[in-house]
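# Summary of the model geometry
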Amino acid sequence: MTQSRARRTAFAVLAIVFALGAFLGLFGIALFLGWFDNEAGGIHRVHYLAFGILFGVLLTTPLVALVRRPEAVPSAFLQVVAVAVAGLPAALVSADANYLPLGLIVAAGAAILFALHPSRAGVLHPMADPSPILGTFAVVGAIPLVWFGLTMARLQRDGLAADPHVKQDHWANMAAMAFGPALVGLLAAMRVRGWRLTAWCAGLGVAVYGLASIVFARFPGTQVPYPGSEGVGWGVVALIGGVAFVAVAEWEARRSPAAAPTEASATAPVEAPAGG
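Everything numeric in this text was worked out from a predicted model, so none of it was measured. (Residues numbered from 1 in each chain as written. Predicted model: local features only at pLDDT ≥ 70, side-chain atom pairs only at ≥ 80, totals over all residues. Heavy atoms only, no water.)

The helix and strand tally for the protein stands at 12 helices and 0 strands. Ordering the α and β elements of the protein from the N terminus gives α-α-α-α-α-α-α-α-α-α-α-α. Since a compact globule built from 276 residues should have a radius of gyration of about 19 Å, the 20 Å found for the protein is in line with a globular shape. Over its C-alpha atoms, taken along the principal directions, the protein stretches across nearly 85 × 40 × 30 Å. Counting the 276 residues in the protein, one finds 48% classified as buried. A separation threshold of at least 6 residues defines the contact pool for the protein, and within that pool the share at least 24 residues apart is 74%. Put simply, the protein shows about 13,000 Å² of open surface, and 71% of that area lies on carbon and sulfur atoms. (Helix = DSSP H or I, 4+ residues; strand = E, 2+ residues; numbered from the N terminus. Rg over C-alpha atoms; globule rule 2.2 N^0.38 Å. Buried < 20%, exposed > 50% of the residue type's maximum accessible area, 1.4 Å probe, protein only. Contact = heavy atoms within 4.5 Å. Areas by Shrake-Rupley, 256 points an atom, 1.4 Å probe, with all protein chains shown as cover.)

There is a patch of nonpolar side chains on the surface, built from V81, V85, V139, L183 and L186 and spanning about 330 Å² of accessible area. When you line up the elements, V85 lands in helix α4 (residues 74-93). (Patch = residues over 30% accessible without salt bridge, like charges linked within 9 Å, V, L, I, M, F, W, Y side chains within 5 Å. Salt bridge = Lys/Arg side-chain N within 4 Å of Asp/Glu carboxyl O.)

Positioned with a positive phi, D169 is a non-glycine residue whose angle comes to about 60 degrees. Among the secondary structure elements, D169 is positioned in the loop between α8 (164-167) and α9 (170-189). On the accessibility criterion, D169 (13% relative accessible area) is buried. Phi at R191 is positive, roughly 50 degrees, even though this residue is not glycine. One can find R191 in the loop between α9 and α10 (195-215).

Quick look at the nonpolar core now. Within the largest apolar cluster, 69 residues are counted, with the highest numbers of intra-cluster contacts made by F55, L59, Y99, V106 and M174. Elements supplying a minimum of two residues to this core: α1 (2-25), α3 (45-65), α4, α5 (100-116), α7 (132-158), α9, α10 and α11 (231-255). Contact partners of Y99, with chain neighbours within four places excluded, come to L54, F55, G87, A90, A91, D169, A172, N173 and A176. The next biggest cluster of nonpolar side chains, apart from the first, holds 5 residues, and it includes A142, A182, V206 and A238. (Core = buried A, V, L, I, M, F, W, Y, C linked by side-chain atoms within 4.5 Å.)

Averaged over all residues, the pLDDT of the protein equals 92, while 92% of them reach at least 70. Of the regions scoring below 50 in pLDDT, residues 259-276 engages in 14 contacts with residues more than four places distant in sequence or in other chains. (pLDDT = per-residue confidence, 0-100.)

Relative to the helices and strands, L104 is located in helix α5. The spacing of L104 and T9 is 95 residues in sequence and 25 Å in space, taken between C-alpha atoms.

The next subject is the pattern of salt bridges. Applying the stated criterion across every chain, the model contains 7 salt bridges. For R255, the salt bridge is made with E252, and the minimal N-O distance between the two is 2.6 Å. Of the two residues, R255 and E252 are both situated in helix α11; the distance of 3 residues between them amounts to about one turn of the helix. Through salt bridges that share partners, D129, R191, E252 and R255 make up one connected network.

Turning to the packing of aromatic side chains, a few remarks are in order. Applying the stated criterion to the full structure yields 10 aromatic pairs. Seen in terms of ring centroids, F77 and F114 are 6.2 Å apart; in terms of plane orientation they differ by 40 degrees. Their pairing is tilted. With F77 in helix α4 and F114 in helix α5, the pair connects residues that are 37 residues apart, well separated along the chain. Exposure remark for F77: the relative accessible area of 3% places this residue in the buried category. Ring pairing ties together the aromatic residues F27, Y48, F51 and F55, which thus form one cluster. (Phe/Tyr/Trp six-rings, centres within 6.5 Å; stacked < 30°, edge-to-face > 60°.)

Let us now look at the packing of α10 against α11. In a packed pair of helices, the relevant descriptors are the angle between the two axes and the axis-to-axis distance. The contact between α10 and α11 brings their axes to 7 Å, and the two run at 165 degrees. In terms of axis orientation, α10 runs roughly antiparallel to α11. The crossing of α10 and α11 is left-handed. Its residues placed into classes, the contact of α10 with α11 shows 17 nonpolar, 6 polar and 4 charged. (Axes fitted to C-alpha atoms, helices over the stretch in contact; angles between N-to-C directions. Parallel < 35°, antiparallel > 145°, perpendicular 65-115°, else oblique. Left-handed = near helix turned anticlockwise from the far one by under 90°. Nonpolar A, V, L, I, M, F, W, Y, C, P; charged D, E, K, R; others polar.)

Right, here's the structure in full:
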């Protein structure tokens, strides 16, 4: 019992440390600061917001959720894995070795948390109750996200070495930011325990990018778009799509609040009959 409590404490402490690392070290805080950044005339605003979406919304949030009762939200742990998975192919298709360590850092953090997880069986064998509606929504939304991510990867791969966005791996991160919500949305559609948080993260991530594309569609007084912005048209589509995904998830949750059995009910031992 003492060993189990010590492992749980170590897990909680490391989840907090990793959450702070994602929010500060991996620039998840840019979710708030990116809107006002004036470096080089503000050309990095959308790119910084992409860091905020990937490492703030999609990564910091589930890490915080894991601190108190990790066995209650296996979807949150799987979301951390999904962010790591998003970063690794983004680095590969971008041919950007400099970005690869970010994906490896997240993957290493997930591996450490898994080793200390109080319910590894619940993570390895999560009970799912897939939603056809959310699944369809997630697959349809993943198509433009993956296409966008591959376009961003090409800009990183074929861009000039002197381009500040190439030098700072911004296009590779934009690719990871696109792959991330696609994977997290598909995970949410599986409705593993804790899936509502995952659905909110996926929807809000896409919606924030859509809003950023609308706000930063053009430099003031010019027809020049902010690097990374998809403009008003696609921005509106992303904003509406992200909000709609959250709305559908909430409708699903209210329609069948007890659809998936809890981990505790599935793993609890069967007691012998009294007097038997």
